[in-house]
Every structure is written in structure tokens, then in C-alpha cells.
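Architecture and fold: a report
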Amino acid sequence: NAGVTQTPKFQVLKTGQSMTLQCAQDMNHEYMSWYRQDPGMGLRLIHYSVGAGITDQGEVPNGYNVSRSTTEDFPLRLLSAAPSQTSVYFCASSRWGTGYEQYFGPGTRLTVT
Amino acid sequence: KQEVTQIPAALSVPEGENLVLNCSFTDSAIYNLQWFRQDPGKGLTSLLLIQSSQREQTSGRLNASLDKSSGRSTLYIAASQPGDSATYLCAVRLGSNDYKLSFGAGTTVTVRA
């Protein structure tokens, strides 16, 4: 198993540009989520999904969109990038049978200039 | 709102010393608590998951305890090695239907050879 994979690893955007961060898992996990990690702020939940076709907002959803058309994929879209979205983004997945033990991807480091 | 605190923020010990990492949380009605390791520029690796009904979990040199009533968890790493140098994060889940993990800011550990 590849586990949780994320692409790209690094990305530089200009203010106002849009892009999609990709996340995929091959463990047949129902639950997937996106976090951002900022110095001094810890990890904060952006959006999550409990299954294909079901998504919901976390604590910092503004400026981001998600969709879940398959169990495996959970892309995060930045609609109009802002410097405040400079961060490291992590995708995570889990399933009920493991008590929701979370598995994280390697992260995408995004810089918005 | 669940607040998770990890003190100290940084720790430096000589090789061979036992490590004791602390995690405290404000809402004791948790579902589970998970300890992670994060190496610089990398994603989070799950170390131990403790369900609310458990008092401790062990894996090799790692032992994590949970005291819900006092809102505390402790991660013990026996006989530390330079390879244990990393940032250790704890995260709390409030309920089985609460999909958000509340993270502490982490303790950065340096093990000196």
C-alpha cells in the first residue's frame, strides 16, 4: 500500500491564482480530511469527508473547496489564493475499525506571493 | 472548545536518558488520544492511539498513559537515541461522530549523542 499520497510537494502561487491540491489513499478509508499547519498555530482542520459524496467544513474552511467523488480521492481547491494561505497542507485518512486512527500524507508546502 | 497543551515546547537530553513528554487537554470527555511523530519537512507518523477506555498503550520503547479525569497524557520513550530527535504531537478526538482532531503545538526533542 502507498498509504496517503499528496501532490505536489511544493507549490508557489501568485495572489489570486487558483489551484488544486491532490490527495489519494489506497486503504479504503471512509474518512478523509485536510489540515493546515502554521507555526505557532498547530494543525487546524479545513474540511473533511465521511464518505464519497459527503463533505463538511472544519474550523478554517474559508477560501477552500472540496469534493469527494470516490472513496480514494479528496482534492482541496484554493479558489483565489491569498498570502494568508501560505502554509503546509496535510491530508489524512482513517476508518472506523481502527478507532479512527489517523494516517497522514507527506504534505504540500504552499507559498502565495 | 477543546484546548490541547504540550509543555515544554522543546527538550534536549543526552542519549540513553528516558524521555517524558506531556499533553494536557481541557475537555476530559474525549473519545481517544493519538500521539504522532513529525520529522522536519515531513508528514505525521502515528505512534500510539489510546481509546478513552484505556489507561495506557505500549509499542516497543514507547509507552503512553492516559488519565482522562485529570486531562493528561504522557508519552514515555525509554533509552532515547539520536534517531528519536523529532517533534512529538498529541491530538484528541472528542467523540465518535466528532471528526475533528484537536492538536497540541508539539514538543521538539533533541537527543544528543
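Before reading on, note that the structure itself is shown above.
Below you will find a few notes about this structure.

Definitions and limits used
Residues numbered from 1 in each chain as written. Chains lettered and ligands numbered in written order. Predicted model: local features only at pLDDT ≥ 70, side-chain atom pairs only at ≥ 80, totals over all residues. Heavy atoms only, no water. Helix = DSSP H or I, 4+ residues; strand = E, 2+ residues; numbered from the N terminus. Rg over C-alpha atoms; globule rule 2.2 N^0.38 Å. Buried < 20%, exposed > 50% of the residue type's maximum accessible area, 1.4 Å probe, protein only. Contact = heavy atoms within 4.5 Å. Areas by Shrake-Rupley, 256 points an atom, 1.4 Å probe, with all protein chains shown as cover. Lys, Arg positive; Asp, Glu negative; His and termini not counted. Charge placed at Lys NZ, Arg CZ, Asp CG, Glu CD. Disulfide = S-S within 2.5 Å. Buried area = accessible area lost by both parts, 1.4 Å probe. Salt bridge = Lys/Arg side-chain N within 4 Å of Asp/Glu carboxyl O. Polar contact = N/O pair within 3.5 Å; in protein donor to acceptor, adjacent residues only side chain to side chain. Nonpolar A, V, L, I, M, F, W, Y, C, P; charged D, E, K, R; others polar. Core = buried A, V, L, I, M, F, W, Y, C linked by side-chain atoms within 4.5 Å.

On to the overall build of chain A. Within chain A, the regular secondary structure consists of zero helices and 11 strands. Counted from the first residue to the last, chain A has its helices and strands arranged as β-β-β-β-β-β-β-β-β-β-β. Relative to the globule expectation of 13 Å for 113 residues, the C-alpha radius of gyration of chain A, 13 Å, shows essentially globular dimensions. Expressed as a percentage of the 113 residues in chain A, the buried residues total 48%. Put simply, of all contacts in chain A between residues at least 6 apart along the chain, 53% involve residues at least 24 apart. When the accessible surface of chain A is split by element, carbon and sulfur atoms take 50% of a total near 5100 Å².

To continue, consider the overall build of chain B. Scanning chain B from terminus to terminus reveals zero helices and 11 strands. Over its C-alpha trace chain B gives a radius of gyration of 14 Å, about what one expects of a compact globule, namely 13 Å for 113 residues. Referenced to the eigenvectors of the C-alpha coordinate spread, the extents of chain B come out at roughly 45 × 30 × 20 Å. Of the contacts formed within chain B by residues at least 6 apart in sequence, a portion of 54% connects residues at least 24 apart. Of the accessible surface of chain B, which amounts to about 5100 Å², a share of 48% is contributed by carbon and sulfur atoms. For chain B, the distance from the average position of its 10 positive side-chain charges to the average position of its 9 negative side-chain charges is 3 Å.

In this section: the environment of Val20(B). Mapped onto the elements of the fold, Val20(B) is located in strand β3 (residues 19–25). For the pair Val20(B) and Arg93(B), spaced 73 residues apart in the sequence, the C-alpha separation amounts to 22 Å.

Now for the state of the cysteines. Residue and element names in this part refer to chain A. Evaluated as defined, the whole model comprises two disulfides over all chains. Here Cys-23 connects covalently by a disulfide to Cys-91, the sulfurs 1.8 Å from one another. Disulfide Cys-23-Cys-91: the torsion about the S-S bond is -70°, which places it as left-handed. One end of the pair, Cys-23, is in strand β3 (residues 19–25); the other, Cys-91, is in strand β9 (residues 87–94), with 68 residues separating them in the sequence.

This part covers the interface of chain A and chain B. Chain A puts 19 residues into the contact, and the matching count from chain B is 19 residues. The contact between chain A and chain B buries some 1600 Å² in all, and 59% of this surface belongs to carbon and sulfur atoms. The largest share of the area that chain A buries against chain B comes from Leu43(A), Tyr100(A) and Phe104(A), three residues that together contribute 28% of it. Taken together, the connections running from chain A to chain B amount to zero salt bridges. Joining chain A to chain B, the criterion identifies four residue pairs in polar contact (both at pLDDT 80 or more). Put simply, the parts of the chain that give the side of chain A that touches chain B at least two residues each are β4 (31–38) and β5 (42–51) of chain A. Looking at the side of chain A that touches chain B residue by residue, the classes come out as 11 nonpolar, five polar and three charged.

In this section: the nonpolar core. Ranked by size, the top nonpolar core spans 22 residues in total, and within it Phe25(B), Leu33(B), Trp35(B), Leu75(B) and Tyr88(B) carry the most contacts. If you list the elements that add at least two residues to this core, you get β3, β4 (32–38), β5 (44–51), β7 (62–67), β8 (72–77), β9 (86–93) and β11 (107–112) of chain B.

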